[in-house]
Amino acid sequence: MTVESTAAARKPRRTSKRTSAAKKPQSSEPQLVQLLTPEGERVEHPDYSIDLSADELRGLYRDMVLTRRFDAEATALQRQGELGLWASLLGQEAAQIGSGRALRDDDYVFPTYREHGVAWCRGVDPTNLLGMFRGVNHGGWDPNSNNFHLYTIVIGSQTLHATGYAMGVAKDGADSAVIAYFGDGASSQGDVAESFTFSAVYNAPVVFFCQNNQWAISEPTERQTRVPLYQRAQGYGFPGVRVDGNDVLACLAVTRSALERARRGEGPTLVEAFTYRMGAHTTSDDPTKYRADEERAAWEAKDPILRLRSYLEKEKLADEAFFTALDEESETLGKRVREAVRAMPDPDPMALFEHGYADGSSLVDEERAQFAAYQASFADSAEEGK
């Protein structure tokens, strides 16, 4: 044996040690709450049960279909230059409609910027969601009218708002609950960790509803966490549950249970809706750059709308007349959305200088005058060109 080979044999094997450290910790297989299989078969769960009438089941199907149509129309409008940006919910309809229909009127919702289905459940006119994405307002609805807060663009901050609001609800002695929506990417934000801490310590009546759609823009979930997201709740002292996010019945049952737990004064719950973002993160994103077509195809087989339709047809809970009428309603909604967006008036460009300071500001006054002169120069140029 040469000197070099002897030294190599004695050298610590750092590579193998590093590999060993990188292995994921041993844990049991994540438990997934499911009440409706991808094939549309009804199954039971020992901890979560739900008994819905045919009308209620058809109502959930209608909610998902119309939400998807609205979402598709908004995407098309952005491609046509009518919206500056759009964040699609394609594939996440069951998670949003199921959880949204679990809410009571007096519950309060803190969404991100993708909760179009929850907004639908809260009675927010879909056209009101589009003003911000068209750039004509900062949110087109009164949050207190529907107990549905304005969309939050800053990632994860709405969980802090929800926790503080829930702490206030508890101090008021009300029996309502609060729900905060966020994604798997947002779960890595410090705001979310702080929300978990405060809600647990103060026993706040809040449900944290994480839509794990597998991708934080181009970052996969496995680069976000070493354990399933719902298990993070254990470290903060409250329960977590993973639900099939493409199963509207399971999402309804699990969220309803978590909200009832909050109302009983038993504190927060983390719900991880295991779903998939079928489209792009937003219309400025190209998912073909970072994920395989085979992955999307596998999730298309779990489509939340198709599985509920399959169940309705197998159990003869909906006939062809119902589906035909819904198609017509969908077309009507699409037309209304298109017309409403194109009719939105442009905002007053000078309005951006208002409401910044209660007592005014000399600097803002100067900037206002400069901008007004700049705007006037366009009118002068038009007159000269005549």
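Note that the structure is predicted; figures quoted are calculated from it, not measured.

Asks: Is there a simple way to think about a nonpolar patch on the surface in this case?
Replies: A cluster of nonpolar side chains, Phe 198, Val 201 and Tyr 202, forms an exposed patch at the surface whose accessible area comes to about 340 Å². Mapped onto the fold, Tyr 202 is located in the loop between α9 (190-201) and β4 (206-212). Given a relative accessible area of 48%, Tyr 202 falls into the partly exposed group.

Asks: Would you mind going over the pairing of strand β8 (residues 269-274) with me for this structure?
Replies: Looking along a regular strand, one sees the side chains alternate between the two faces of the sheet. Counting buried residues in β8 gives five out of six residues, a clear majority hidden from the surface. Note that β4 and β8 share six bridges and pair parallel. Bridging from a neighbouring strand, Cys 210 pairs with Glu 272 of β8. In terms of strand pairing, strand β7 (residues 240-244) meets β8 through five bridges, oriented parallel. What sits directly across from Arg 242, in β8, is Glu 272. Since β7 and β8 lie parallel, the crossover through helix α10 (residues 248-263) that links them has a hand, and here it is right-handed.

Asks: In this structure, what is going on with the UniProt feature "domain: Dehydrogenase E1 component" (unreviewed entry) in the chain? I would like to understand it.
Replies: Feature annotation in UniProt assigns "domain: Dehydrogenase E1 component" (unreviewed entry) to the following positions: residues 62-343. Each end of residues 62-343 is marked by a C-alpha atom, and these two atoms are 27 Å apart; helix forms 45% of the span and strand 11%.

Asks: What am I meant to see in the packing of helix α3 (residues 54-79) against α10 here?
Replies: Each pair of packed helices can be described by the angle between their axes along with the distance between the axes. Taken N-terminus to C-terminus, the directions of α3 and α10 make an angle of 105°; their axes are 11 Å apart at the nearest point. The orientation of α3 relative to α10 falls into the category roughly perpendicular. On the side of α3, the interface is formed by Leu 57, Leu 60 and Met 64, while α10 contributes Val 248, Leu 249 and Leu 252.

Asks: In this structure, what is going on with the packing of aromatic side chains? I would like to understand it.
Replies: For any two aromatic rings, the description comes down to two numbers: the centre-to-centre distance and the angle of the planes. Taken as a whole and assessed by the stated rule, the structure comprises 26 aromatic pairs. Taken together through their ring pairs, the aromatic side chains of Phe 70, Trp 86, Phe 133, Trp 141, Phe 148 and Tyr 151 make up a single cluster. Over the ring of Trp 299 we find Lys 302, and its NZ or CZ is 4.2 Å from the ring centre. The ring of Phe 323 has Arg 309 sitting right over it, with the charged end atom 3.8 Å from the ring centre.

Definitions and limits used
Residues numbered from 1 in each chain as written. Predicted model: local features only at pLDDT ≥ 70, side-chain atom pairs only at ≥ 80, totals over all residues. Heavy atoms only, no water. Patch = residues over 30% accessible without salt bridge, like charges linked within 9 Å, V, L, I, M, F, W, Y side chains within 5 Å. Areas by Shrake-Rupley, 256 points an atom, 1.4 Å probe, with all protein chains shown as cover. Salt bridge = Lys/Arg side-chain N within 4 Å of Asp/Glu carboxyl O. Helix = DSSP H or I, 4+ residues; strand = E, 2+ residues; numbered from the N terminus. Buried < 20%, exposed > 50% of the residue type's maximum accessible area, 1.4 Å probe, protein only. Pairing = 2+ DSSP bridges. Right-handed = clockwise from strand over helix to strand, strands pointing away. UniProt positions renumbered as here; feature names shortened; annotations may be inferred. Axes fitted to C-alpha atoms, helices over the stretch in contact; angles between N-to-C directions. Parallel < 35°, antiparallel > 145°, perpendicular 65-115°, else oblique. Contact = heavy atoms within 4.5 Å. Phe/Tyr/Trp six-rings, centres within 6.5 Å; stacked < 30°, edge-to-face > 60°. Lys NZ or Arg CZ within 6 Å of the ring centre and 35° of its normal.

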